[in-house]
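# Examination of the molecular architecture
Read off the chains here:
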Amino acid sequence: MTDTAAKPHRRIPWDSLAVLPFVIFAVMFLFLPTLSLMGAAFTDRTGNFTFENIAGLFTDQILAAYWISIRISGASAILGALIGLALTLAIIRGKLPQGLRSAVMTFSGVASNFAGVPLAFAFIATLGRLGLVTIILKTVFGFDMYRSGFNLFSFWGLTLTYLYFQIPLMVLTIAPAIDGLKKEWNEAAQTLGANTSQFWRYIGFPILWPSVLGTLSLLFANAFGAIATAWALTGSNLNIVTVLLYNQIRGDALQNPGLGAALALGMIVITSLANVIYLIVAARAERWMK
Amino acid sequence: MKSQKFWAWLVFILGGAYFIVPLAATFEFSLRMRRGEYSFDAYASVFADPYFASSFTYSVIVGLFTIVVGILVVVPAVYFVRLRMPWLRPFMEFVTLLPLVIPALVLVYGYIRLYGSSSLIPFTGSVLGTDILLTCAYVTLALPYMYRAVDNGMRTIDIGTLTEAAQIAGANQLQIIGQIILPNILIAILSGAFLTFAIVIGEFTIASLLNRPAFGPYLVGIGTNRAYEPAALAIISFIITWGAMGMINVLGRFAPRTSARTD
């Protein structure tokens with residue numbers, strides 16, 4: 001890159017010009033909107049600086065909304081990561097037919113993008129009150145899911161639905177890491193007398209865990225910001241934070257614009273924390289994946 | 001080793017069941033509209049609905065504009081940053097990560113506050129302005145995927161050598177990007193385009209908050225009013241997503257696999 005410095009100066013405007021649309025775009029549609037919300041979160045109705053809005057978040061209704069969102073995102077991320085990891089290990093290291101692997105990877109690409117409203121419809125048709133699985137369980141096995149406490153429009157119902165895109169996302173992101181476990185490490189461990197469980201206990205998982213933990217935070221942020229599936233599935237039944245904010249944007253449900261901005265700021269803080277963990281952990285993981 | 005294979009099959013079958021059963025159940029449900037027998041009535045009803053056609057067309061058009069704007073924003077930036085301004089790379093990585101960190105709902109809230117009808121740039125003051133804002137919002141949503149696709153595409157070709165060769169042959173900057181770089185990374189761009197399309201086509205949150213008649217809000221409306229049509233629409237959406245992702249897989253077979261030595 002030494003010749004870059006030697007280039008005549010007049011080149012620079014041309015180059016900057018080509019990068020300009022990207023920069024303008026980032027400023028207009030990412031930085032400014034976020035900063036404006038941050039500003040609004042600390043501004044009262046008359047335009048003065050205040051901590052009122054942030055303090056206003058600590059009411060039962062809003063804290064409960066954050067908490068159930070965190071629980072659903074956490075549960076769907078942890079379950080999605082564990083099941084996704086098991087599935088990826090099965091198709092890559094489980095000596096299954098080669099064709100299955102590419103089939104699972106292709107399907108994962110589709111399923112991880114099959115989110116939002118249609119996903120909610122699919123689960124209503126499957127596990128709703130008139131869904132196929134609900135009916136089969138009732139008529140064939142005499143087991144009434146809804147009588148025994150299951151409800152699709154609840155915490156577990158939503159978590160189960162989110163898993164449909166969380167598991168494939170885990171498969172897609174963790175597969176390269178599992179591919180990165182070199183055969184030589186396996187052979188070296190065997191030569192030294194390690195059995196399969198010892199290999200995983202002392203070599204496999206210690207190398208994989210940063211990637212797993214990193215993907216976990218990605219899955220968490222993914223579920224935390226989601227709204228379309230929840231909205232189509234439960235309407236306003238389940239008071240997760242995205243639904244609360246959606247109602248606030250629609251019709252000022254909290255009757256305080258500043259509080260709405262604070263609610264949004266709280267969401268950014270939570271997803272940022274998840275992603276900071278991801279970045280730190282991903283940097284750690286990369287050392288082994290050369 | 002036998003037990004390992006057994007567990008692998010067990011995990012695969014259980015996982016497969018979780019993914020196949022909802023699709024099968026949805027398909028079965030979508031066929032139940034006519035009493036007592038299976039029929040495609042729900043699909044006929046969907047296709048006969050003029051709002052289906054109009055909202056779907058609207059989303060396709062917005063999707064196409066999103067792809068074009070996305071390419072115009074990303075390709076020149078990635079090219080020049082790779083070629084002459086590598087110090088900007090961390091900034092681009094950071095920017096393209098942001099849409100994954102900031103929920104779309106929060107972004108659109110910011111847009112509505114910032115670009116309302118009484119603001120300096122009143123996007124939401126007119127229908128055309130709102131359509132433009134919706135397109136830009138979708139470009140933002142798709143930015144992480146478009147950036148990664150284009151960046152991967154440029155990594156596999158030696159843009160430095162190609163650029164020098166083109167310059168020696170007398171091409172100007174516009175010709176280099178349009179006639180040399182673009183055709184060489186076309187497959188990568190198309191992958192990003194299909195992924196963008198899959199994301200945009202059924203998007204609900206932003207379209208609904210900007211009050212545009214897109215496919216996502218239409219789906220929600222049908223979901224609250226009808227019984228069998230939602231299942232049919234879920235199947236149709238799944239097929240569309242499958243088509244878009246399938247195109248990426250097909251294109252992947254044509255993509256150059258060797259990485260340029262300079263990288």
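For clarity, every value in this text was computed on a predicted model and none was experimentally measured.

### Focus on the overall build of chain B
The helix and strand tally for chain B stands at 12 helices and 0 strands. Its C-alpha atoms give chain B principal-axis dimensions of about 75 × 70 × 30 Å. Taking all 263 residues of chain B together, the buried fraction comes to 45%. Looking at chain B alone, contacts between residues at least 24 apart form 74% of all its contacts between residues at least 6 apart.

### Focus on the overall build of chain A
Helix and strand counts for chain A stand at 13 helices and 0 strands. Reading the helices (α) and strands (β) of chain A from amino to carboxyl end gives α-α-α-α-α-α-α-α-α-α-α-α-α. Relative to the globule expectation of 19 Å for 290 residues, the C-alpha radius of gyration of chain A, 24 Å, shows a markedly less compact shape. Referenced to the eigenvectors of the C-alpha coordinate spread, the extents of chain A come out at roughly 80 × 70 × 30 Å. Put simply, chain A has 290 residues, and 44% of those count as buried. For chain A, long-range pairs separated by at least 24 residues make up 77% of all intrachain contacts whose partners lie at least 6 apart in sequence.

### Observations concerning the UniProt feature "transmembrane region" (unreviewed entry) in chain B
Taking the numbering used here, the UniProt-annotated feature "transmembrane region" (unreviewed entry) corresponds to residues 7–31, 51–79, 91–112, 124–147, 185–210 and 230–251 of chain B. Secondary structure content for residues 7–31 of chain B is 96% helix and 0% strand, and the end C-alpha separation is 36 Å.

### Digging into unusual backbone geometry
For residues that are not glycine, phi is negative in most cases, and the peptide bond is trans in most cases. The phi dihedral of N211(B) is positive, around 60 degrees, even though this residue is not glycine. Among the secondary structure elements, N211(B) is positioned in the loop between α10 (205–209) and α11 (215–225).

### Describing the confidence of the model for chain B
With 96% of its residues at a pLDDT of at least 70, chain B reaches an overall mean of 89. For this predicted complex, the interface score ipTM comes out at 0.87, while the overall pTM is 0.89.

### So, the nonpolar core
If you look at the biggest cluster of nonpolar residues, it comprises 168 residues, and the most contacted ones within it are F121(A), A264(A), A77(B), A137(B) and V150(B). Of the residues that make up this core, three or more belong to each of domain 1 (1–41) and domain 2 (59–286) of chain A. Among all residues touching A264(A), those that are not within four sequence positions of it are L37(A), L245(A), V106(B) and Y109(B).

### So, the UniProt feature "domain: ABC transmembrane type-1" (unreviewed entry) in chain A
The positions that UniProt labels "domain: ABC transmembrane type-1" (unreviewed entry) are, in the present scheme, residues 66–278 of chain A. Note that residues 66–278 of chain A is 77% helix and 0% strand, and that its end C-alpha atoms are spaced 21 Å apart.

### A look at the interface of chain B and chain A
If you look at the interface, chain B gives 66 residues, while chain A gives 64 residues. Here the element with the most residues in the side of chain B that touches chain A is helix α1 (residues 2–30) of chain B; it accounts for 15 residues. Looking at the side of chain B that touches chain A residue by residue, the classes come out as 49 nonpolar, 13 polar and 4 charged.

### Looking at the UniProt feature "domain: ABC transmembrane type-1" (unreviewed entry) in chain B
Here the UniProt feature "domain: ABC transmembrane type-1" (unreviewed entry) sits at residues 56–248 of chain B. Taken end to end, residues 56–248 of chain B is 81% helix and 0% strand, and its two terminal C-alpha atoms sit 22 Å from one another.

### Observations concerning the environment of M105(A)
Residues and elements named next belong to chain A. Mapped onto the secondary structure, M105 falls in helix α5 (residues 98–111). For M105, a count of 17 C-beta atoms within 10 Å translates into the label partly exposed. In this structure the C-alpha to C-alpha distance between M105 and A26, which are 79 residues apart in sequence, comes to 32 Å.

### Observations concerning the environment of R226(B)
Within the element layout of this structure, R226(B) appears in the loop between α11 and α12 (229–252). Taking the C-alpha atoms as reference, R226(B) lies 58 Å from N172(B); in sequence the two are 54 residues apart.

### What about the domain arrangement of chain A?
All names here are of chain A. The assigned domain composition of chain A is domain 1 (1–41) and domain 2 (59–286). Between the C-alpha centres of domain 1 and domain 2 there is a distance of 35 Å. Of the residues lining the interface, 5 residues belong to domain 1; the matching set on domain 2 comes to 7 residues. Residue classes in the side of domain 1 that touches domain 2 are distributed as 4 nonpolar, 1 polar and no charged.

### Overview of the UniProt feature "transmembrane region" (unreviewed entry) in chain A
Residues and elements named next belong to chain A. Here the UniProt feature "transmembrane region" (unreviewed entry) sits at residues 17–42, 62–92, 113–141, 153–178, 199–220, 226–246 and 258–281. The distance separating the terminal C-alpha atoms of residues 62–92 is 44 Å; by composition the span is 100% helix and 0% strand. Structurally, residues 226–246 comprises 62% helix and 0% strand, and the distance from its first C-alpha atom to its last is 11 Å.

### Some remarks on helix α6 (residues 117–127) of chain A
Judged by how many residues are buried, α6(A) sits mostly within the fold: 11 of 11 residues are covered. Residues of α6(A) that are buried include every one of V117(A), P118(A), L119(A), A120(A), F121(A), A122(A), F123(A), I124(A), A125(A), T126(A) and L127(A), and no others.

### Concerning the packing of α6(A) against helix α7 (residues 132–139) of chain A
Angle between the axes and distance between the axes: these two values describe a pair of packed helices. All names here are of chain A. Between α6 and α7, whose axes approach to 3 Å, the crossing angle comes to 10 degrees. As far as their axial angle goes, α7 and α6 are roughly parallel. Every residue of α7 that contacts α6 at A125, T126 and L127 is listed here: L132, V133 and T134. Among the residues making up the contact of α6 with α7, the classes are represented as 4 nonpolar, 2 polar and no charged.

### Section: the confidence of the model for chain A
The pLDDT averaged across chain A works out to 85; a share of 92% of its residues lies at or above 70. Scored below 50 in pLDDT, residues 1–9 of chain A makes 2 contacts in the model with residues more than four places away or belonging to other chains.

### Describing the packing of helix α8 (residues 155–179) of chain A against helix α10 (residues 196–224) of chain A
All names here are of chain A. Viewed as axis vectors pointing N to C, α8 and α10 meet at an angle of 150 degrees, and their least axial separation amounts to 10 Å. Considering their axes alone, α8 and α10 lie roughly antiparallel with respect to each other. In this structure, α8 meets α10 at a crossing whose hand is right-handed. Contacts from Y162, Q166, L169, M170, T173, I174, A177 and I178 in α8 reach L208, S211, V212, T215, L218, L219, N222 and A223 in α10. For the contact of α8 with α10, a count of residues per class yields 11 nonpolar, 5 polar and no charged.

### Description of the environment of W200(A)
Take W200(A): it is sitting in helix α10. Sequence-wise, W200(A) and N186(A) are 14 residues apart; in three dimensions their C-alpha atoms are separated by 9.4 Å.

Procedures and definitions
- Residues numbered from 1 in each chain as written.
- Chains lettered and ligands numbered in written order.
- Predicted model: local features only at pLDDT ≥ 70, side-chain atom pairs only at ≥ 80, totals over all residues.
- Helix = DSSP H or I, 4+ residues; strand = E, 2+ residues; numbered from the N terminus.
- Buried ≥ 20, exposed ≤ 12 C-beta atoms within 10 Å, placed from the backbone.
- Contact = placed C-beta atoms within 7 Å.
- Rg over C-alpha atoms; globule rule 2.2 N^0.38 Å.
- UniProt positions renumbered as here; feature names shortened; annotations may be inferred.
- pLDDT = per-residue confidence, 0-100.
- Core = buried A, V, L, I, M, F, W, Y, C linked by C-beta atoms within 7 Å.
- Domains from an automatic or database assignment.
- Nonpolar A, V, L, I, M, F, W, Y, C, P; charged D, E, K, R; others polar.
- Axes fitted to C-alpha atoms, helices over the stretch in contact; angles between N-to-C directions.
- Parallel < 35°, antiparallel > 145°, perpendicular 65-115°, else oblique.
- Left-handed = near helix turned anticlockwise from the far one by under 90°.

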